[in-house]
Amino acid sequence: MLVTRERRAPIKTLRGWAISVLHEAGAIRECDDHGWMQDRADPHARERAFDIARENPPPGVSSKAAAVAIAEELESIGDTCPECPSPD
Ligand SMILES: [Zn+2]
């Protein structure tokens, strides 16, 4: 089994792992002012995140469970920062 060590931070939870994968893929970004994660609504970045998840699931987690974790995290992240004023 291929083991890559490209992410420096230790993975404490599956949720934390999912966020790091989404961030790495560019599917979510962090608000510069408030630090909230926002869904960038980029289908290509989402695909990339699912590819990363399936190819490099965390130790002890199946590819399928890893992909589910990504999907659940995407659902829980909004597309705007709750503390930023609305753009219009
Ligand atoms: Zn903000």
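Provided above is the structure to which this section pertains.
Predicted model only: the values in this text are computed from it and were never measured.

> Could you give an account of the coordination of the zinc ion, with specific residues and numbers?
The protein atoms that coordinate the zinc ion are C31 (SG), H34 (ND1), C81 (SG) and C84 (SG), at distances spanning 1.9 to 2.3 Å. Between the four donor atoms coordinating the zinc ion, the angles at the centre fall across 105 to 114°, so the site counts as tetrahedral. On the primary sequence, the residues serving as donors to the zinc ion are separated as C-x2-H-x46-C-x2-C. Here C31 is found in the loop between β1 (28–30) and β2 (37–39), whereas its partner C81 is found in the segment after α3 (63–76), with 50 residues between them in sequence. On the accessibility criterion, C31 (7% relative accessible area) is buried. Residue classification places C81 among the buried residues on the basis of a relative accessible area of 5%.

> Could you give an account of the environment of E75, naming the residues involved and the relevant values?
Mapping E75 onto the fold places it in helix α3. Judged by its relative accessible area of 72%, E75 falls in the exposed class. Through-space distance from the C-alpha of E75 to that of D39 is 8.9 Å; in sequence the pair is 36 residues apart.

Analysis parameters
Residues numbered from 1 in each chain as written. Predicted model: local features only at pLDDT ≥ 70, side-chain atom pairs only at ≥ 80, totals over all residues. Heavy atoms only, no water. Donors = N, O, S within 2.8 Å, 3.2 Å for Na, K, Ca; no water. Tetrahedral: all angles 85-135°; square planar, octahedral: opposite > 155°, others 65-115°. Helix = DSSP H or I, 4+ residues; strand = E, 2+ residues; numbered from the N terminus. Buried < 20%, exposed > 50% of the residue type's maximum accessible area, 1.4 Å probe, protein only.

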